[in-house]
Amino acid sequence: MHDATSPFFISLFGIAGVAAAYLLGSTPTGYLAGRLLRGIDIRQHGSGSTGATNVLRTLGKGPALVVLVVDVLKGMAAILLARWLYPWLGASPDGMPWAVCLCGLAVLLGHSRSIWLGFTGGKSAATGLGVLLALSWPVGVGAAFVFLAVLALVRIVSLASMLAAVTAAILVCLLPEPLAYRLLVIAGGLYVLALHRANIVRLLAGTEPKVGRSSP
């Protein structure tokens, strides 16, 4: 009979937790909204993303709000799952932040590279906000405030999302958070910026659409 606290079982449960976080992120909320409401593949419309912004442009405000909330909840659920599962492993409490870090990265990856959509998806901004809120609510609230402020001023979701990611990275370094949390937020922020490469090109060219206008 195997010891449930052995390194083998700790690793096994750890892998299962990361896999579960990835599958949470992979749930294609925006894609499902397009299929259920209009019978379309939302990846073939607008910007091609499955995120809430493209849902807003393609399906309208109501579906976009639902997709946004569910995507945020996916990020929160992954962090809560890690914190719930880790004590069952019987491992050192010092490892908890690192387990949370891995699950946070996994849910971001799942949202943008969904196994159900041929490893395509959204840009992980909303899911990233959920991760931040569950990880460190002051960082999450600060990032959300910057997002809303920038969106109100310039009405460009991509710019608001990127500045929110940068804000989160700064805040997590200023607050007394574990090193693993800091690395997660910084790595997640860089990942979100990388996913917005096309948006950056359009911003520099002055062709990035604003809220209420169609994507080129």
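Placed above this text is the structure.
Residues numbered from 1 in each chain as written. Predicted model: local features only at pLDDT ≥ 70, side-chain atom pairs only at ≥ 80, totals over all residues. Heavy atoms only, no water.

1. Side note on the overall build of the protein chain
And step 1. If you tally the helices and strands in the protein chain, you get 10 helices and zero strands.
And step 2. The secondary structure elements of the protein chain, listed N-terminal to C-terminal, are α-α-α-α-α-α-α-α-α-α.
And step 3. Whereas a compact globule of 216 residues would reach a radius of gyration of roughly 17 Å, the protein chain reaches 18 Å, a difference of no more than 12%.
And step 4. Referenced to the eigenvectors of the C-alpha coordinate spread, the extents of the protein chain come out at roughly 60 × 40 × 25 Å.
And step 5. Burial analysis of the protein chain (216 residues in total) assigns 44% to the buried set.
And step 6. Once local pairs closer than 6 in sequence are excluded, the contacts in the protein chain between residues at least 24 apart make up 62%.
And step 7. Element-wise, carbon and sulfur atoms account for 73% of the exposed surface of the protein chain, whose accessible area totals about 11,000 Å².
And step 8. Counting 15 positive and 6 negative side-chain charges, the protein chain places the centres of these two groups 18 Å from one another. (Helix = DSSP H or I, 4+ residues; strand = E, 2+ residues; numbered from the N terminus. Rg over C-alpha atoms; globule rule 2.2 N^0.38 Å. Buried < 20%, exposed > 50% of the residue type's maximum accessible area, 1.4 Å probe, protein only. Contact = heavy atoms within 4.5 Å. Areas by Shrake-Rupley, 256 points an atom, 1.4 Å probe, with all protein chains shown as cover. Lys, Arg positive; Asp, Glu negative; His and termini not counted. Charge placed at Lys NZ, Arg CZ, Asp CG, Glu CD.)

2. Quick look at the side chain of Thr 50
And step 1. One can find Thr 50 in the loop between helix 2 (29-38) and helix 3 (52-59).
And step 2. According to the relative accessible area criterion, Thr 50 is buried, its value standing at 4%.
And step 3. At 3.1 Å, the side chain of Thr 50 forms a polar contact with the backbone nitrogen of Gly 122.
And step 4. If sequence neighbours within four positions are ignored, Thr 50 has contacts with Gly 30, Tyr 31, Ile 42, Arg 43, Val 55, Val 67, Leu 117, Gly 121 and Gly 122. (Polar contact = N/O pair within 3.5 Å; in protein donor to acceptor, adjacent residues only side chain to side chain.)

3. Looking at helix 5 (residues 96-112)
And step 1. In a regular helix each residue adds 1.5 Å, so 17 residues correspond to 24 Å; helix 5 covers 25 Å between its end C-alpha atoms and thus fits that length.
And step 2. Counting buried residues in helix 5 gives 12 out of 17 residues, a clear majority hidden from the surface.
And step 3. Among the residues of helix 5, Pro 97, Ala 99, Val 100, Cys 101, Cys 103, Gly 104, Ala 106, Val 107, Leu 108, Gly 110, His 111 and Ser 112 are the ones counted as buried. (Expected span 1.5 Å × (residues − 1).)

4. Topic: the pattern of salt bridges
Opposite charge on two side chains permits pairing when their charged atoms draw close.
And step 1. Evaluation of the coordinates by the stated rule reveals three salt bridges.
And step 2. Where Lys 74 meets Asp 71, a salt bridge forms, and the shortest distance between an N and an O atom there is 3.3 Å. Taken together, the residues span about one helical turn, with Lys 74 and Asp 71 both in helix 4 (residues 61-85) at a distance of three residues. The pair formed by Lys 74 and Asp 71 is uniform in burial state, with each residue classed as buried.
And step 3. Between Arg 202 and Glu 208 there is a salt bridge, and its shortest N-O distance comes to 2.7 Å. Note on accessibility: Arg 202 and Glu 208 belong to one class, buried. (Salt bridge = Lys/Arg side-chain N within 4 Å of Asp/Glu carboxyl O.)

5. Remarks on the nonpolar core
And step 1. Core analysis: the biggest nonpolar cluster contains 24 residues, and Val 100, Val 131, Leu 132, Leu 135, Ala 168 and Val 185 have the highest contact counts within it.
And step 2. Elements represented by at least two residues in this core include exactly helix 1 (7-26), helix 4, helix 5, helix 6 (125-135), helix 7 (137-154), helix 8 (157-174) and helix 9 (179-195).
And step 3. A per-element tally of this core places helix 5 first, with six residues.
And step 4. If we ignore the near neighbours within four places in the chain, the residues touching Val 185 are Leu 132, Leu 135, Ala 168, Ala 169 and Val 172.
And step 5. If you look at the next biggest cluster of nonpolar residues, it comprises eight residues, including Ala 33, Ile 42, Ala 52 and Val 67. (Core = buried A, V, L, I, M, F, W, Y, C linked by side-chain atoms within 4.5 Å.)

Everything listed here is a matter of coordinates, which is why it stays silent on function.
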